[in-house]
Amino acid sequence: MSTLVEGLLFDGRGVAAESLPSVLVIGAASERADVLEDITQGNLECLRATHWEEARALLVSEWIGLVVVELADQAGDDARDRGLSPDGGWTRELAQRWPEVQCLVIADHGPTSLGDWPEAFHLLGRRSPIEVLGRTIGVALRQYQLERECRRLRAERALYQPTVQARLAAHRLRMREAGGFETIIRAPGSPLEPLCDMAARIAGFDVPVLVTGESGTGKELMARAIHASSLRSEMPFYALDCGAVTDELLESELFGHCKGAFTGASSSRVGLLERAHEGTLLLDEIGDTSSAFQLRLLRFLQEGEVRPVGSNEVRQLDVRVIAATNRDLMAEVAAGRFREDLYHRLTVAPVQLPPLRDRACDIAALAEVLLARIASRHGVRVGGFTDAAMACLCAYAWPGNVRELENQITRMVMLATGEKLGVELLAPHLRTDEWRQTPVERRQDLPEPPKANTTADPVEDDEDAGTLRERVERLEASCLARALERHGGNKSRTASELGLSRIGLRAKLQRYGIGEAAGDPE
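Below is a short write-up of the structure. (Residues numbered from 1 in each chain as written. Predicted model: local features only at pLDDT ≥ 70, side-chain atom pairs only at ≥ 80, totals over all residues. Heavy atoms only, no water.)

Description of the nonpolar core
Right, on to step 1. Ranked by internal contacts, the top residues of the largest apolar core, which has 29 residues, are Phe 385, Leu 393, Trp 398, Leu 405 and Ile 409.
Right, on to step 2. Of all the secondary-structure elements, those providing two or more residues to this core are helix H14 (363-378), helix H15 (387-395) and helix H16 (401-415).
Right, on to step 3. The biggest single contributor to this core is H14, with 7 residues.
Right, on to step 4. Aside from chain neighbours lying at most four places away, what touches Trp 398 is Leu 356, Ile 363, Leu 393, Glu 404, Leu 405, Gln 408 and Leu 430.
Right, on to step 5. Residues Leu 317, Leu 329, Phe 338 and Leu 346 belong to the second largest nonpolar core, which totals 28 residues. (Core = buried A, V, L, I, M, F, W, Y, C linked by side-chain atoms within 4.5 Å. Buried < 20%, exposed > 50% of the residue type's maximum accessible area, 1.4 Å probe, protein only. Helix = DSSP H or I, 4+ residues; strand = E, 2+ residues; numbered from the N terminus. Contact = heavy atoms within 4.5 Å.)

Some points on helix H9 (residues 247-255)
Right, on to step 1. Among all positions of H9, only Leu 250, Glu 251, Ser 252, Leu 254 and Phe 255 are buried.
Right, on to step 2. Immediately downstream of H9, the backbone of Gly 256 shows phi near 85°, a positive value.

Let's talk about the side chain of Thr 494
Right, on to step 1. Residue placement: Thr 494 occurs in helix H19 (residues 491-498).
Right, on to step 2. One polar contact links the side chain of Thr 494 to the main-chain carbonyl oxygen of Asn 490, over a distance of 2.7 Å.
Right, on to step 3. The residues contacting Thr 494, other than those within four sequence positions of it, are Ala 483, Leu 484, His 487 and Leu 505. (Polar contact = N/O pair within 3.5 Å; in protein donor to acceptor, adjacent residues only side chain to side chain.)

Re the packing of aromatic side chains
Right, on to step 1. Counted according to the given criterion, the structure contains 2 aromatic pairs.
Right, on to step 2. An angle of 55° between the planes, with centres 6.3 Å apart, marks the rings of Phe 255 and Phe 293 as tilted. Linking Phe 255 in helix H9 with Phe 293 in helix H11 (residues 291-303), this pair joins segments that are 38 residues apart in sequence. The burial state of Phe 255 is the same as that of Phe 293; both residues are buried.
Right, on to step 3. Residues Tyr 396 and Trp 398 carry aromatic rings whose centres are separated by 4.7 Å and whose planes lie at 85° to one another, so their mutual orientation is edge-to-face.
Right, on to step 4. In this structure Tyr 396 comes out as buried when scored by relative accessible area, which is 18%.
Right, on to step 5. Lying across the ring of Tyr 238, Arg 275 places its NZ or CZ 5.7 Å from the centre.
Right, on to step 6. Residue placement shows Arg 296 over the ring face of Phe 255; its charged tip is 4.1 Å from the ring centre. (Phe/Tyr/Trp six-rings, centres within 6.5 Å; stacked < 30°, edge-to-face > 60°. Lys NZ or Arg CZ within 6 Å of the ring centre and 35° of its normal.)

Thoughts on unusual backbone geometry
Right, on to step 1. Backbone geometry places Glu 278, a non-glycine residue, at a positive phi of 70°.
Right, on to step 2. For Glu 278, the position within the fold is in the loop between helix H10 (272-275) and strand S10 (280-284).
Right, on to step 3. By relative accessible area, Glu 278 is classed as partly exposed at 38%.
Right, on to step 4. Positive phi outside glycine occurs at Asn 401, with the angle close to 60°.
Right, on to step 5. In this structure Asn 401 comes out as buried when scored by relative accessible area, which is 0%.

Observations concerning the packing of H14 against H16
Right, on to step 1. The N-to-C vectors of H14 and H16 enclose an angle of 50°; their axes lie 9 Å apart at closest approach. The angle between H14 and H16 falls in the class oblique. When the axes of H14 and H16 are compared, the crossing they make is right-handed. Contacts between H14 and H16 involve Ile 363, Leu 366, Ala 367, Leu 370, Leu 371, Ile 374, Arg 377 and His 378 from the first element and Val 402, Leu 405, Glu 406, Ile 409, Thr 410 and Val 413 from the second.
Right, on to step 2. Residue composition of the contact of H14 with H16, by class: 10 nonpolar, 2 polar and 2 charged. (Axes fitted to C-alpha atoms, helices over the stretch in contact; angles between N-to-C directions. Parallel < 35°, antiparallel > 145°, perpendicular 65-115°, else oblique. Left-handed = near helix turned anticlockwise from the far one by under 90°. Nonpolar A, V, L, I, M, F, W, Y, C, P; charged D, E, K, R; others polar.)

Structure (structure tokens):
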């Protein structure tokens, strides 16, 4: 009996007996109240009611978890007078008004002869041993507590779910904005606009992606944007520079290894592919890898299987692979340095980033954003660029692309003494001819030097009018128009002569309104 008493004293979470509800005994069971109190050693309060009307009042006013009903005779007049006949309405009322309250029905015959009862009803024969009665009471009270807990949790869920869903949606939106295509800075009409639109469509398809472009064009940024806009956006993103490690360490880093697999492997290591399971992995500089590594990567892309170095265990993984390189992989394939089958596997969705010289319209916006980031990182306050400094930044070809631009702005911030960054802070090779005659120490508050008429090929209108940037744009438009005319409107040959990509040439022609007639040769 001690086990029964201990079970009633505490529930599964260690709640003391005084927090347990009362037991209500009705009808002929009222004479059993003393027996029930003896079973529980006085730890449960037993309330008595002679008929259903009295029981209903107690159920309304008291905290009751178990109702014990003893039926003297299923068809007897006494049971009907008390409102407790098996076919009476008390069972339906109890189940509907107090669904969490458990009910123990004691009858002359076993449970099989009592017909259909509500789910919360426990049926027991009159001749059942006292230990069975005690265990049944304990089970009923525990079920009562679980029912109340479930109702509480359901109520809390209904109350907090809209708030949680709204916060989750806001969090997802912040995640997408923090790493999506909004982070790729571009001006209206930029060559990156159609490229980002295409990449956004690619992001929704779970296929490998190959991002190509010169060093410093933002290949990892594009890869992160594709991941953030994909169905895997809430899963991990990892990046691995394949050109920075040896072939042996590259396999270990990517596929993992077992303890003792090679010299120095003092412990097992989980590979990046396994850590990126259901997420995205960026393999940067994929063109620098060996043929052996390319073969293992190809097998993973085809089968989704990896085997850690030194292990015989094959693991099935689900990872989206984005590869990036600044090499011409088609030329590498022709030279036998890159596997053709892997190349075709990766080029399901190719994304080629234009160099910064082909998107000069983005330089001003890029410079402003980079300046804000650099100033915030170093804790300095800068009011922006002077017009002359910005014109020099926009006129430069930037062979190192965005990375070179960022480094140059960092240099200007470090050397700055005034409110704005002037042209005297630029590296000498970035300054235009008219500024090379001016000492570096020239004060920013001095008037601008006179503009020299050095335009070798005059353009229409007044060639000396406007800012340096406007004059450079007029000269660029003139060069584009003459080159397009020389090649009879053929844009491919024009782009080749000017050292531009097709995308860059189209963007510049659209920007200046050149060659917009339908049917221009491509």
